[in-house]
Amino acid sequence: MESSMAAAVEMPVTTVSAFDVSGRRPATTAGLVLNSPDPPSLREELVGVVGKAFRPRRTSGGGGGAGRCAWVLTALQAVFPVLQWGRTYTLKSFRSDVMAGLTLASLGIPQSIGYANLAKLDPQYGLYTSVVPPLIYAVMGTSREIAIGPVAVVSLLLSSMVQKIVDPATDPVTYRTLVFTVTFLAGIFQVSFGLFRLGFLVDFLSHAAIVGFMGGAAIVIGLQQLKGLLGLSRFTNSTDVVSVAKAVFSALHDPWHPGNFFIGCSFLIFILATRFIGRRYKKLFWLSAISPLLSVVLSTAAVYATRADKHGVKIIREVHAGLNPSSVKQIQLNGPYTTECAKIAIVCAVIALTEAIAVGRSFASIRGYKLDGNKEMIAMGCSNIAGSMSSCYVATGSFSRTAVNFSAGARSTVSNIVMAITVFIALELFMKLLYYTPMAVLASIILSALPGLIDIREAWSIWKVDKMDFLICIGAFVGVLFGSVEIGLGVALAISFAKIIIQSIRPQVEVLGRLQGTNIFCSVRQYPVACRTPAIQVIRIDTSFLCFINATFIKERIMEWVMAEVETSNEKARERVQSVVLDMSNVVNIDTSGLVGLEEIHQDLLSMGIQMAIAGPGWQAIQKMKLGHVVDRVGEEWIFLTVSEAVEGCLTAHKGSAMEC
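Residues numbered from 1 in each chain as written. Predicted model: local features only at pLDDT ≥ 70, side-chain atom pairs only at ≥ 80, totals over all residues. Heavy atoms only, no water.

Let us look at the sheet that holds strand S3 (residues 508-514). Pairing is mixed in the open sheet, where six strands are placed in the order S4-S3-S5-S7-S9-S10. Whereas interior strands pair on both sides, the edge strands pair on one side only; in this sheet they are strand S4 (521-523) and strand S10 (639-640). Relative to strand S5 (residues 536-542), S3 is paired through five bridges, and the arrangement is antiparallel. In the sheet register, valine 511 faces S5, and the bridge partner there is isoleucine 539. (Pairing = 2+ DSSP bridges. Helix = DSSP H or I, 4+ residues; strand = E, 2+ residues; numbered from the N terminus.)

What follows is the structure, given as C-alpha cells:
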C-alpha cells in the first residue's frame, strides 16, 4: 500500500480546482448543489401518477375537431389495443390463429373441467371461465400469445381459502356466491393496480418466493388428486402434506376400486409420453396438445362400453350445458363475509397477475416486443369482473396453454376468441357426452400439468446466486407443503421484508480511495489499488434513504472509521486527519432523524478538530438539509457537487499541508 501511495504522489492528478486563488468557490459550482429547483411535492407526484394513468399520449396534428377525434382514437387504442393491431391484421394471421385456437381448445376443455374440480366447483364452471374472460382479454390485452382461463394454482388458492369460510360439500350455493364475490373483487383490485400504476405490489412476491410457492403448490395439488386417482369417497379438505397422508392412509382401510387407479395411471403415462414426443419432435407438438382431450374421449368410451361405473369407477355424471348464466345477483358486497372475501381476493389478484405477467413477458421476449404491464393488469381485471358476472371464477394466463398456443403459431389474441367460441360450442352440444368421463382421467390431466410448476434447476440457481433468496424460496415451499397456501405466502413475505429491513438498518458505509491517475473514488475494500488521500477521510453512505431506521448505525459506523484513522494517523503528524468527506451521492432522501444524525456527526468531528464536507447529496436530501439548517451549520462552502471537488477543496483549504494524492 505504501508503494502505491508513493506512486500516486509522483503522479498528481490534474483537476479543476473547486476554489479560486482567493480560496472561494466559483458561484456557478456552488449554485449547482444549493440553488437547484425544489423537487416535486407529494401532491404533484400523485397527480402525475393519476394523470399518466388516465391521460393518453398526445398526437401530433391540427387542433379543433380533428385534434379531439385523434385524442379520442388514441384513448380508445390505449384501452383496446385491438383497434391498433387490428388495422394490419391479415388473412394469413387469421388462419394461423384459427388453428392455434382449435388446438388450444382441445387442451383447454379437459383442463378447465379438471381445474373446476380442483376449485371445488361443478365442471361447467371451469368451461365458463374459458369463454368470457378470454373474449374480454382478446380486445384489451397486449400479449399476442397468452392463453386465458382457469389455472391450477389459483384454483387451489380459491378452494383452500374459501372453504375455510363455507364448506362446499354442505353449502355449495353459498360457496359459489363467495367464489364469484372473490372473483369480482380480484378484478377490481387488478384494474386498480393498472390504473394507478401499482404494479410494484405484484413485485412484493419476489422471483424466489414464486419459485418456492409454485413448487409447494404443485405438490399440494398433486396430493389432492389422489382422491380422484384412487377413487376415494372420503378425503380431507386440508392441503398440507401431513393431513393428506393421514387421509390417504385411513381411506385405504375402506373398500376401494383399483380400476380408478389403473385408468388414471394409464392415461397419465399416455399424456406424459405424448408430451415427450412433442418436445423431441417439434412438428408433433399438436400430439401433446390434443392428448388430454383424446384421453377424455377414450376413457369415456371405455367406461361406457364396459359399464365400469357399475364396478366402482367414479364418473363426472351430469354437466350442465348451455351459455354462461348470469351471476350478478350472487355477488355480495355487503354480506357477512365481505371482509374475508376481500382478503382472499387480494391474494388471488396478486398471484394471478404475477403468473400472467411472467408468462406474457416470457413469450413476448421471444417474439421481440414489449408487454405493457399496466395494460395487462387492466385487461386481466376487466376479464375477471366480466367473468364474475357470468358464472366464472378467477382467470389468468396459463403457462402450459400459452406454450401450446405459441407452438401452434398464434399471431394475436384472436386465438383466444377461437378457443372461447369452440368451448361455447362444446358447452352447447357435447356436455351430455361427458356423463361417463372418469374422475381419474381428470386427476391425471391435472397431474400431467404439474411438473412444469416445479423448477428444481431454478431453485439450484437461486441457491448458488443468493442464499437469502434461497431461504425465501424454501420458506414458501415448506410453508405451503406443511402448512397452507396462506402460511407459505406469509412466510415468503415475512422473510422478504426481513431481508429488506436488515439491509435498510445496516447499509454499507465504505471508505473510498482515488484510482491512480483519475478523479474516480471507489471502495478501498473492493479495489485495494485505490489510494487514500493523506489527511482526508472519504466515506460513502450506501443507502437511498438516510432515516430513523439507519441513522444511528450510519453515524456509529462513520465515527468508527474516523476514530480508527485518527488513531493510525496520530503517529504521522503530516497524515493526521483534518477533513472528512461524506459521499452522499447515493442518498436520495433524508428524514429528520437523518438530519439529526448528520448534525451529530458534524459536532463530533468538530470536537476532534476535523472539518466535515458533504458531496453530491440528492435532490430531496439537499432541500431538507437547507430547511433543517444543516447546510447553515456545516457551511455552504463545505457542500460540493462531487467527491473529487470536495477533496480538492479540502486540500486547498488546508493550504497545502496535506500531500495531494
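On we go.
We now examine a nonpolar patch on the surface. There is a patch of nonpolar side chains on the surface, built from Trp71, Val72, Leu76, Val79, Phe80 and Leu83 and spanning about 490 Å² of accessible area. When residues in the nonpolar patch are grouped by element, the largest group, four residues, is from helix H4 (residues 64-79). Residue position: leucine 76 is located in helix H4. By relative accessible area, leucine 76 is classed as partly exposed at 38%. (Patch = residues over 30% accessible without salt bridge, like charges linked within 9 Å, V, L, I, M, F, W, Y side chains within 5 Å. Areas by Shrake-Rupley, 256 points an atom, 1.4 Å probe, with all protein chains shown as cover. Salt bridge = Lys/Arg side-chain N within 4 Å of Asp/Glu carboxyl O. Buried < 20%, exposed > 50% of the residue type's maximum accessible area, 1.4 Å probe, protein only.)

On to the packing of helix H22 (residues 467-482) against helix H23 (residues 485-505), then. Contact geometry of H22 with H23 gives a least axis separation of 6 Å together with a crossing angle of 160°. Between H22 and H23, the angle is such that the two are roughly antiparallel. You can see that H22 and H23 cross each other, and the crossing is right-handed. Counting all contacts with H22, which are made through Met468, Asp469, Leu471, Ile472, Gly475, Ala476, Gly479 and Val480, the residues of H23 involved are Val485, Ile487, Gly488, Val491, Ala492, Ile495, Ser496 and Lys499. For the contact of H22 with H23, the residue count by class is 10 nonpolar, four polar and two charged. (Axes fitted to C-alpha atoms, helices over the stretch in contact; angles between N-to-C directions. Parallel < 35°, antiparallel > 145°, perpendicular 65-115°, else oblique. Left-handed = near helix turned anticlockwise from the far one by under 90°. Contact = heavy atoms within 4.5 Å. Nonpolar A, V, L, I, M, F, W, Y, C, P; charged D, E, K, R; others polar.)

Moving on: the environment of phenylalanine 235. Inspection of the secondary structure assignment puts phenylalanine 235 in the loop between helix H12 (226-230) and helix H13 (241-251). Expressed as a C-alpha distance, the spacing of phenylalanine 235 and alanine 251, which sit 16 residues apart in the sequence, is 7.6 Å. Those residues in contact with phenylalanine 235 that lie beyond four places of it in its chain are Leu223, Gln224, Leu226, Lys227, Val244, Ala247 and Val248.

What follows concerns the packing of helix H9 (residues 152-162) against helix H10 (residues 172-195). Running from N to C, H9 and H10 cross one another at 125°; their axes reach a closest spacing of 11 Å. Judged by the inter-axis angle, H9 sits oblique to H10. As for the relative orientation of H9 and H10, their crossing is right-handed in sense. Contact residues: Leu158, Ser159 and Val162 in H9; Tyr175, Leu178, Val179 and Val182 in H10. Classifying every residue of the contact of H9 with H10 by side-chain character gives six nonpolar, one polar and no charged.

Within the largest apolar cluster, 106 residues are counted, with the highest numbers of intra-cluster contacts made by Leu158, Val162, Val182 and Phe213. When near neighbours in sequence (up to four residues on either side) are disregarded, valine 162 contacts Leu157, Tyr175, Leu178, Val179, Val182 and Ile344. Grouped together as the second largest cluster of nonpolar side chains are 46 residues, Val509, Ile614, Trp638 and Val647 included. (Core = buried A, V, L, I, M, F, W, Y, C linked by side-chain atoms within 4.5 Å.)

Bringing the packing of aromatic side chains into the picture now. Inspection of every chain in the model, using the stated rule, returns nine aromatic pairs. One aromatic cluster is present, formed by Tyr125, Tyr128 and Phe180 through successive ring pairs. In this arrangement the basic side chain of arginine 144 is found over the ring face of tyrosine 369, its NZ or CZ atom lying 4.0 Å from the centre. The ring of tryptophan 463 carries lysine 467 above its face, with NZ or CZ at 4.7 Å from the centroid. (Phe/Tyr/Trp six-rings, centres within 6.5 Å; stacked < 30°, edge-to-face > 60°. Lys NZ or Arg CZ within 6 Å of the ring centre and 35° of its normal.)

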